[in-house]
Structures are given as C-alpha cells and as structure tokens.
Amino acid sequence: MPVWKLQDVSFAYISGRKVLSAITLKFFPGHIYGILGPNGSGKTTLLDLLGGLGAPGAGNILYNGRSLGDYGTAALARRVALVPQDFLVRFPFKVRDVVEMGLHPHLGRFALPSREDMDRVTGIMEELDIHGLADRPVTMLSGGEKQRVAVARALVQAREALLFDEATSNLDIFHSLSILDAVKRRAVEQGLCVVAAVHDINLAAVFCDELVFLKDGMVVAKGTPGSVLSPELVRYVYNVDARVGTDEFTGRPAVSFRLAGSW
Ligand code: ADP
Ligand code: MG
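What this report covers is the structure whose coordinates are included nearby. Here the structure is a predicted model, which is why all the values come from computation and not from measurement.

This part is about the coordination of the magnesium ion (ligand 2). Within the protein, Thr44 (OG1) and Gln85 (OE1) serve as the donor atoms for the magnesium ion (ligand 2), at 2.0 to 2.4 Å. Remark: glutamine 85 occurs in the loop between strand S6 (80–83) and helix H3 (95–100) and threonine 44 occurs in helix H1 (residues 43–50); sequence separation between them is 41 residues.

Another point: the pattern of salt bridges. Enumeration over the complete set of coordinates arrives at 8 salt bridges. Here arginine 115 and aspartate 119 are joined by a salt bridge, their closest N and O atoms 3.3 Å apart. Taken together, the positions of arginine 115 and aspartate 119, both in helix H4 (residues 115–127) and 4 residues apart, correspond to about one turn of that helix. By relative accessible area, arginine 115 is classed as exposed at 65%. Here the salt bridges share partners, and the residues they tie into one network are Glu127, Asp181, Arg185 and Arg186.

The relative placement of two packed helices is expressed as an angle between their axes plus a distance between the axes. Look at helix H5 (residues 143–157) against helix H6 (residues 173–190): their axes get within 12 Å of each other, and the N-to-C directions meet at 5°. In terms of orientation, H5 lies roughly parallel with respect to H6. Counting all contacts with H5, which are made through Arg148, Val151 and Leu155, the residues of H6 involved are His175, Ile179, Ala182, Val183 and Arg186. Taken together, the residues that form the contact of H5 with H6 break down as 5 nonpolar, 1 polar and 2 charged.

Another aspect to go through is the sheet that holds strand S9 (residues 210–215). Sheet architecture is open: 6 strands sit in the order S6-S7-S8-S3-S9-S10, paired in mixed fashion. Two strands bound the open sheet, and with one partner strand each, they are S6 and strand S10 (218–223). Neighbour to neighbour, the strand axes of the sheet diverge by 15° on average, direction disregarded. Relative to strand S8 (residues 193–197), strand S3 (residues 32–36) runs parallel, the two sharing 4 bridges. Across the sheet, residue tyrosine 33 finds its bridge partner in S8, namely valine 195. In the packing of H5 onto the sheet, contacts are made with S6 and strand S7 (161–165), and the angle to S6 comes to roughly 175°.

Attention now goes to the pairing of S8. Most of S8 sits inside the fold, with 5 of its 5 residues counted as buried. The side-chain alternation of S8 yields two buried faces, one formed by Cys193, Val195 and Ala197 and the other by Val194 and Ala196. Pairing of S7 with S8, which is carried by 5 bridges, proceeds in the parallel orientation. When the sheet's bridge partners are listed, leucine 163 is paired in S8 with valine 195. Following the chain from S7 across H6 to the adjacent parallel S8, one finds a crossover that is right-handed.

Turning our eyes to something else, we now look at the environment of lysine 5. Position of lysine 5 relative to the elements: it lies in strand S1 (residues 4–14). Given the relative accessible area of 29%, lysine 5 is considered partly exposed. Each residue touching lysine 5, except ones within four places of it in the same chain, is listed here: Leu25, Lys26, Asn60, Ile61 and Leu62.

Scoring rules and cut-offs
- Residues numbered from 1 in each chain as written.
- Chains lettered and ligands numbered in written order.
- Predicted model: local features only at pLDDT ≥ 70, side-chain atom pairs only at ≥ 80, totals over all residues.
- Heavy atoms only, no water.
- Donors = N, O, S within 2.8 Å, 3.2 Å for Na, K, Ca; no water.
- Helix = DSSP H or I, 4+ residues; strand = E, 2+ residues; numbered from the N terminus.
- Salt bridge = Lys/Arg side-chain N within 4 Å of Asp/Glu carboxyl O.
- Buried < 20%, exposed > 50% of the residue type's maximum accessible area, 1.4 Å probe, protein only.
- Axes fitted to C-alpha atoms, helices over the stretch in contact; angles between N-to-C directions.
- Parallel < 35°, antiparallel > 145°, perpendicular 65-115°, else oblique.
- Contact = heavy atoms within 4.5 Å.
- Nonpolar A, V, L, I, M, F, W, Y, C, P; charged D, E, K, R; others polar.
- Pairing = 2+ DSSP bridges.
- Right-handed = clockwise from strand over helix to strand, strands pointing away.

Now the structure itself:
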C-alpha cells in the first residue's frame, strides 16, 4: 500500500489561480522521490499538502489508506516529519534542544525522553556532524548549520515518512551527500518514505528512486531518473538546452546544461 496516494489533487491559494492541478501520484515506503521543477512550479505547496498543512481544494489525499484530513496534527506528527524550505527559529534554543523537539510527538504528555531516545538524538547529531554545536544557540549558526539542525530534528521525529523542502540547498557538497546518505539508509533499512524537493537534478539522479517533474502546477513527467531524464524534458521544463549522459564516476544519469542560444 502506498504511504500517500493523491487522486486528482488541485490547490489554489487565491480562488481562480490554481497552483496545483489534477495531481495523481503514489509514494511508496522505502523509496526516495525527488520533486523537481522551476521556481514557482508548486513543489513547496505539494509538500505542505502532503504534510497536512493545507487541504486540497479538489481531489483527495490518502495516507496509509485513510483520508489525510482525518489525522489529527499530533497523530500525523508521529508519522511524518517536514524539513521546511526556510527553517526559522527566532528564540535562541540550544541546538541539542531543537533536535530533541523531534521526540515530542512521541512522548506522553508529561513523559521524559528515555535513555534510548537520548542515544538516538546523539547518534543523529553525530551522523549530521552537529554534535560539536550541541550547546550553541540555533540563532547563532550559519545557514548551512541551521539546515543540518532542521534535518536532524526531522530524522529524530520521522518514523514513517519524511518531507524535505530543499533541505540540502544551503549545504556544501560533503554535508549534502552526508544528509542524503543518512536518508537513503533509513529508506533502505527502515522503509522510510522520502519525498524531497530538490533543485539539483544531478544530485536527485544519484539519490532518488523516482523523479517527479512539475511545471505550472502540473506533473509533466515521472519515473526513474534513467527513464525520465531527456534533453527534451529538461528543455520543456526549464527552457535550457541540455545533454543527458551517464556519469562514469557515479554510474548515474547526469545532465549538463547550457542557456539556449548562448555562446
Ligand atoms: P516552488 O516551491 O516550486 O518554488 P511554490 O509551491 O512555493 O513553488 O509556489 C507555487 C505558486 O504558488 C507560486 O506561483 C507562488 O507565487 C504561489 N504561492 C506560494 N505561496 C503562496 C501564498 N501563501 N499565497 C499566494 N500564493 C502563493
Ligand atoms: Mg519551494
């Protein structure tokens, strides 16, 4: 059974202007899905709907076979974690405390985290290379460090599914690869379902099992990186010339780009 099943989903922030149109998709456990498309194509809106932050104007979204709208916020938070595009914490919480917030949906009202919970938090902080920042206020971190804290909090929280909204966009290549690797391991070993908006097509081609391309709020292509990536698609979606080959180092499909008609 798919984790999410979207049937003819449409959404508009302002009536009459559809941001998503007739989206029909399934997301399965243990898979990593990359949502790609130009700025404004609807990636964030789609992830927010999957995270229960809004309700579709038309169509329906099922989560584990039940209407997503039937889950309460707390019940959904125990299953799905979202790393937002801009992770903002205005209060100077310590890094460790922010990561521990990922435990809250799983604790009883007055319960304290167990030893095991604390070890999990420590392990994830080490994995994401932020254990050295544990006592620093989050307000005093660089953009990339903050991003890693947001991902760590989400990994602590996520038990079934993870939504990533450009969670690696501010990161250097080492930290991007480390995070994607940590996510991949959880998909493979624990069956986590991951839906990630990614800007970098080549990074997506390395880590995602399937790519979904959006343009003007519509799904224009979906499938494995090898089956879906083509110069025609890239030109149609992004309006740039592209060449698609296989990267001999990673063995994955790779795309190079050129502005149409440039020198
Ligand atoms: P992406 O993440 O692919 O860049 P978004 O989902 O953020 O795209 O935005 C899709 C479209 O919805 C854009 O045209 C954007 O201007 C519009 N939009 C996003 N958020 C809002 C909002 N809160 N109110 C009105 N329009 C919005
Ligand atoms: Mg976005």
